[in-house]
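Close look at the chain arrangement
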Amino acid sequence: MSLADYQNTISHVAEREHRRDYLLTLIGVALLTAACLGIGCSAYTNQMTYSYSPMLVSTTLANGDVRDFDVVLSNEGRTGTGEFRVYVADVLQNAQGNYEIAERGSTRYSCAEWIRLSHDRIRVGPGQSVPISARVVVPRGVYGGRYAAVVLEFVPEVPRDDQAMLSSTFVTRFVTIVELEVTSRLLKRSLSIVGFSVQPAREVHSLAGIYGSDALVITAQVRNDGDSHVFSQGSMILRDSAGRRLRQIPLGGGRGIVLPGASIGLSSVLPSGLPSGQYSASVTVKYGGPRPATTTVGFSVGDADDGEIDIVDEGSVVLPLTVSPSKLELSYPAGATAVSSLVIQNEHSEAVHVIGRAAPLAYGLDGEMITEAIESDENSCAEWIEIRPAEFHMEPGSRQVVRVLTAIPKGTSGSKYANLTFTARPESGDGDSNALHDQGESGAILFLTVGKLTVKLGELQPPRIFMVGGPIGFVFETAFTNLGNTHVGLQATVSIKKRVMPPSVEGVEYIGSGSLLEMFSAPVSTPEGYVLPGGMRVLTASYPGVLEPGDYVVEFAVDYGGPSVAHIAKEFSVV
């Protein structure tokens, strides 16, 4: 990839961060409007106006790390003093993807016990801003996602008359969400598509008065089976009964984040609906795991008696097969035939017909596996592979052992790759090969190293810096290019250093560059996918705060298993 292509790509990433900042703002709006439900905050209390920040603290830490942050509550009114109770609570996620606070220590992935606050009660007078200092201390021996909320709960004055017996109490809360990811090689990212629905928009309460009678809402239900939060990015390819591609539709919900153990809906609205007929939806959800979650579902649309659109058949999702192991790492000499095995399990409630195939493997700039058909290149060994059996029948709950034979040509060296995919369709029994079928897909990736002459070499592109403001603050981007002949995994960190000049002395002019004081350092979250030879990976890091005016240096360090760690730095100024 050329530098111009990289810069174009990096600009798109920056735009995505701008949109992400906007979505975070929407979270704050949602929290404000949810005050009466006891899960948010109100900007007005007893004729007093309040604001607070930040709405979200999201960071990646390691065992034993300590992170400090402040929550600031401001009374913007001219009269009146407010009293607030300050505490830490747990966080849950509902089916719409929204956060709700829960009792401290009541959830499995809580970090509430790791957080210590400087205050448990505060009073905020007119024009006053009060900071609450919070410290997060990560224990040893833990990993994965952990979540909590710092809650500022308004303490109302006690009514002094008998009207108190007739009054209703509304709890007003300001909430700062804390999202942590504790890094570890054991960390598992996993997302499954567990449901699919197509329904008229008029049947969805929140949309009933917005769209016309023909509008349809398409939703894919996803579940996080891993142990840390993931950012889901869904899309759906819609086809007619003849298999013709009609359109590609994005699927989303909220920020797209899914907490471990949670299930949320990723939706899209078709305002004009669909004509009567049979359709299929091929759904792909990328989330940073080793392979995207995919499924294909058939459904039918008809006309109701009143002339409005009617869903005749929503279809049903075939859960993906379980394939284990999910990755084969092989090392053989040229001219040999590598033999390995996979175990396939049918977790669906009916018999399925399974077809296995080998295809080239490729990853995008974001580290996600590319699911569209790609041409074979010099990295592929898919054409060397034979799957035995390549086609078979499976009863519910049954297992099938599949052998993977890889015939390595002579004169080959370096690392080669393949995507082993197994597609399951229900045994319809109707003999209609043109009928729409639901299907599930899963698989494994194969890494083959031929010979001993492997070279690990990589370089970093100069960082790009974006000031987006809000809870994001700054976004820093670079890209790693694999210049070797084998795949590499990345462990990256970012640091921000401020240039400090010595105190001025009368009659003395200092002409040096000063020293660098480290202000911030954190791991950079990277998808599980490897960077293949010749491939590129964009690395993104954010600084959730405000930098004082001055000169700074941002530095990326990437350990990829090569002879030395790759470094790249860039100076920037804040005015």
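The shown structure was predicted, so the numbers you read here are calculated from the model rather than taken from an experiment.

Helix and strand counts for the protein chain come out as one helix and 38 strands. About 27700 Å² of surface is accessible on the protein chain, with carbon and sulfur atoms providing 49% of the total.

With that out of the way, let us pick up the sheet that holds strand β38 (residues 566-574). With respect to topology, four strands assemble into an open sheet ordered β35-β34-β37-β38, the strand pairing being antiparallel. Since the sheet does not close on itself, it has two edges, and those belong to β35 (515-524) and β38, each with one partner. Each strand axis lies, on average, 20 degrees off the axis of its neighbour in the sheet, ignoring direction. One ladder, built from nine bridges, connects strand β37 (residues 550-559) with β38; its direction is antiparallel. What sits directly across from A557, in β38, is H567.

Looking now at the nonpolar core. Residues F196, V222, M236, V283, V285 and F299 are the most contacted members of the largest nonpolar core, which totals 42 residues. Beyond its immediate stretch of four places on either side in the chain, M236 contacts F196, I218, R247, Q248, I249, L251, A281, S282 and V283.

Quick look at the pairing of strand β29 (residues 414-426) now. Counting buried positions along β29 gives twelve out of 13 residues, so the element sits mostly inside the fold. Bridge count between strand β25 (residues 352-359) and β29: eight bridges; the pairing is antiparallel. The residue bridging V352 from the neighbouring strand is P426, located in β29. As paired strands, β29 and strand β30 (residues 439-450) are joined by eleven bridges and run antiparallel to one another. In the sheet register, S415 faces β30, and the bridge partner there is T449.

This brings us to the sheet that holds strand β22 (residues 322-324). Sheet architecture is open: four strands sit in the order β22-β24-β28-β26, paired in antiparallel fashion. The outermost strands of the open sheet, each flanked by one partner alone, are β22 and β26 (385-388). Sheet twist, expressed as the average angle between the axes of neighbouring strands with direction ignored, equals 25 degrees. Inspection of the sheet shows β26 paired to strand β28 (residues 399-407) by four bridges, in the antiparallel sense. Following the sheet pairing, E386 is matched in β28 by L405.

All right, on to the environment of V554 then. Along the chain, V554 falls in strand β37. Considered as a pair, V554 and R464 are 90 residues apart in the sequence and their alpha carbons are 9.6 Å apart. Residues within four places of V554 in sequence aside, it is in contact with P463, I465, F476, V494, S495, I568, A569, K570 and F572.

A separate point is unusual backbone geometry. Cis geometry marks the peptide bond from S53 to P54; its omega dihedral reads -5 degrees. Mapped onto the elements, P54 comes out in the loop between β2 (48-53) and β3 (56-61). Put simply, S324 and P325 share a cis peptide bond, and its omega is -5 degrees. With respect to the helices and strands, P325 occurs in the loop between β22 and β23 (327-332).

What follows covers the side chain of R537. Relative to the elements of secondary structure, R537 occurs in strand β36 (residues 536-543). For the buried residue R537, which engages in no salt bridge, the nearest side chain bearing the opposite charge is D366, 6.5 Å off.

Here the structure, examined in full by the defined rule, presents 15 aromatic pairs. Both rings, one in F84 and one in F154, keep their centres 5.4 Å apart while their planes meet at 65 degrees; by these two values the pair is edge-to-face. Here F84 is found in strand β5 (residues 82-93), whereas its partner F154 is found in strand β10 (residues 144-154), with 70 residues between them in sequence. For the residue pair F84 and F154, the accessibility class agrees, reading buried in each case. On the numbers, 5.2 Å between centres and 85 degrees between planes, the contact of Y417 with F447 is edge-to-face.

Taken as a whole, this structure holds 15 salt bridges when the rule is applied. One salt bridge connects R135 with D68, and the closest N-O pair in it is separated by 2.7 Å. Pair noted here: R135 is in strand β9 (residues 129-137) and D68 is in strand β4 (residues 66-75), with a separation of 67 residues, a long-range link. Residue R135 is classed as partly exposed on the basis of its relative accessible area, which comes to 44%. A residue is classified by how much of its surface remains accessible, and D68, at 42% relative accessible area, is partly exposed. A network of salt bridges, in which partner residues are shared, links E83, R121 and R123.

Further remarks concern the side chain of S380. Relative to the helices and strands, S380 resides in the loop between β25 and β26. Polar side-chain contacts of S380 include one of 3.1 Å to the backbone nitrogen of A382. Leave out the neighbours within four places in its chain, and S380 touches P360, K416 and Y417.

Before going further, it helps to spend a moment on the environment of S235. The topology assignment puts S235 in strand β15 (residues 233-240). Every residue in contact with S235, bar those within four places of it in the chain, is listed here: Q248, I249, P250, L251, S282, V283 and T284.

Another aspect to go through is the confidence of the model for the protein chain. On average, residues of the protein chain carry a pLDDT of 82, and 82% of them reach 70 or more. Across residues 1-43 the pLDDT falls below 50, and counting only partners more than four positions away or on other chains, this stretch makes 84 contacts in the model. Note that residues 429-435 has pLDDT below 50 and, in this model, three contacts with residues that lie over four places away or in other chains.

Looking at the element boundaries, R388 is found in strand β26. Looking at R388, the relative accessible area reads 45%, which means it is partly exposed. When the C-alpha positions of R388 and V404 are compared, they lie 6.5 Å apart, and in sequence the two are 16 residues distant. Not counting the four nearest positions on each side in its chain, R388 is found in contact with V401, V402, R403 and L405. In this structure the side chain of R388 is engaged in a polar contact, spanning 2.9 Å, whose partner is the side chain of E386.

Parameters at a glance
- Residues numbered from 1 in each chain as written.
- Predicted model: local features only at pLDDT ≥ 70, side-chain atom pairs only at ≥ 80, totals over all residues.
- Heavy atoms only, no water.
- Helix = DSSP H or I, 4+ residues; strand = E, 2+ residues; numbered from the N terminus.
- Areas by Shrake-Rupley, 256 points an atom, 1.4 Å probe, with all protein chains shown as cover.
- Pairing = 2+ DSSP bridges.
- Axes fitted to C-alpha atoms, helices over the stretch in contact; angles between N-to-C directions.
- Core = buried A, V, L, I, M, F, W, Y, C linked by side-chain atoms within 4.5 Å.
- Buried < 20%, exposed > 50% of the residue type's maximum accessible area, 1.4 Å probe, protein only.
- Contact = heavy atoms within 4.5 Å.
- Lys, Arg positive; Asp, Glu negative; His and termini not counted.
- Salt bridge = Lys/Arg side-chain N within 4 Å of Asp/Glu carboxyl O.
- Phe/Tyr/Trp six-rings, centres within 6.5 Å; stacked < 30°, edge-to-face > 60°.
- Polar contact = N/O pair within 3.5 Å; in protein donor to acceptor, adjacent residues only side chain to side chain.
- pLDDT = per-residue confidence, 0-100.

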